[in-house]
Amino acid sequence: MSVPADHPFAAAVRPLVDAMGGEMIAPDRARGDDVVLSWEGRPVVAVRLPHISDSLDHILADLQRRHGVPLSALDRKTKQAVVRHLEQRGAFSVRHGVETVAGALGVSRFTVYNYLNREKSGD
């Protein structure tokens, strides 16, 4: 069985799956941690969610696409906004999240922690 790309439900959830960095697969290929989505009682598509570390890479790549330049080329204020956005998305609960973000922004871990602390103190 293949993923019914023309099924309206599959088409409706595709943008969400893409935004998460997931993969749509046929329900009969689903593994234990895949999420099978049904429509009117019939399995239509299964979603294979990315590993958390892959999700962070996906989020960073999406932010880079949105800004149109490498994240390291952003000005300080924009980098601070990116860090706030990433914190809201849970990026810093991932192991090595600070290091990964610091590398993408072209700053030190210390700078990322400063941005996070500045946000918490309301500065």
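Reading guide: rules and limits
- Position numbers for residues start from 1 in each chain and track the written sequence from start to end.
- For a predicted model such as this one, the threshold for reporting local features is a pLDDT of at least 70, and the threshold for listing and counting side-chain atom pairs is 80 or more; totals across whole chains, interfaces and linings nevertheless cover every residue.
- Excluded from the side-chain calculations are hydrogens and water; all other atoms, namely the structure's heavy atoms, are used.
- For salt bridges, the criterion is a side-chain nitrogen of Lys or Arg within 4 Å of an Asp or Glu carboxyl oxygen.
- By the criteria applied, helices consist of DSSP H or I runs no shorter than four residues and strands consist of E runs no shorter than two, each listed in order from the N terminus.
- Burial here depends on accessible area, computed with a 1.4 Å probe over protein chains only, as a share of the maximum for the residue type. Under 20% is buried, over 50% is exposed, and the range in between is partly exposed.
- UniProt positions are given in the numbering used here, feature names are shortened, and annotations may be inferred rather than shown by experiment.
- As used here, the term nonpolar core means buried Ala, Val, Leu, Ile, Met, Phe, Trp, Tyr and Cys residues forming a set that is joined through side-chain atoms within 4.5 Å.
- Whether two residues are in contact is decided by their heavy atoms: any pair within 4.5 Å suffices.
- Here, a strand pair is defined by DSSP locating no fewer than two bridges between the strands.
- Angles shown run from 0 to 180 degrees and are taken between the N-to-C directions of axes, each axis being a line fitted to C-alpha atoms and, for helices, limited to the stretch in contact.
- Definition of a polar contact: a pair of N or O atoms within 3.5 Å, with one able to donate and the other able to accept a hydrogen when the atoms are protein atoms, and with sequence-neighbouring residues admitted only if both atoms are side-chain atoms.

A. A look at the pattern of salt bridges. Evaluation of the coordinates by the stated rule reveals 5 salt bridges. For the salt bridge of Glu 99 with Arg 109, the shortest nitrogen-to-oxygen distance reads 4.0 Å. Here Glu 99 is found in helix H4 (residues 97–105), whereas its partner Arg 109 is found in helix H5 (residues 109–121), with 10 residues between them in sequence. Since its relative accessible area comes to 34%, Glu 99 is described here as partly exposed. If you follow the salt bridges from partner to partner, you end up with Asp 62, Arg 65 and Arg 66 in one network.

B. Geometry of the UniProt feature "domain: Transcriptional regulator DauR-like HTH" (unreviewed entry) in the protein chain. Here the UniProt feature "domain: Transcriptional regulator DauR-like HTH" (unreviewed entry) sits at residues 56–117. Secondary structure across residues 56–117 comprises 69% helix and 0% strand; the distance between its end C-alpha atoms is 21 Å.

C. Representation of the nonpolar core in the model. Residues Leu 86 and Val 101 are the most contacted members of the largest nonpolar core, which totals 17 residues. Those elements that place two or more of their residues in this core are helix H2 (52–67), helix H3 (76–88), H4 and H5. Other than its neighbours up to four places away in sequence, Leu 86 contacts Leu 56, Ile 59, Leu 60, Leu 63, Ala 91, Phe 92 and Val 101. Judged by nonpolar contacts, the second largest core, of 8 residues, contains Val 13, Val 17, Met 24 and Val 45.

D. Layout of the side chain of Gln 80. Looking at where Gln 80 falls in the secondary structure, it is placed in helix H3. In this structure Gln 80 comes out as buried when scored by relative accessible area, which is 11%. Those residues in contact with Gln 80 that lie beyond four places of it in its chain are Tyr 115 and Arg 118.

E. Quick peek at the sheet that holds strand E3 (residues 42–48). Across the sheet, which stays open at both edges, the 3 strands sit in the order E1-E3-E2 with antiparallel pairing between neighbours. The sheet terminates laterally at strand E1 (23–25) and strand E2 (35–39), the two strands that pair on one side only. If you compare each strand with its neighbour and ignore which way they point, the axes differ by 30 degrees on average. Of the strand pairs in this sheet, E2 and E3 are connected by 5 bridges, and their pairing is antiparallel. Bridge pairing in E3 places Val 36 opposite Ala 46.

F. Structural detail: the environment of Ala 46. Looking at the secondary structure, you find Ala 46 in strand E3. Sequence spacing of Ala 46 and Pro 27 is 19 residues, and the spatial spacing of their C-alpha atoms is 4.8 Å.

G. Highlighting the side chain of Arg 48. You can see Arg 48 is positioned in strand E3. Polar side-chain contacts of Arg 48 include one of 3.4 Å to the backbone oxygen of Arg 29. A polar side-chain atom of Arg 48 sits 2.8 Å from a polar atom in the side chain of Asp 34. The contacts of Arg 48, once residues within four sequence positions are left out, are Gly 22, Glu 23, Ile 25, Arg 29, Arg 31 and Asp 34.

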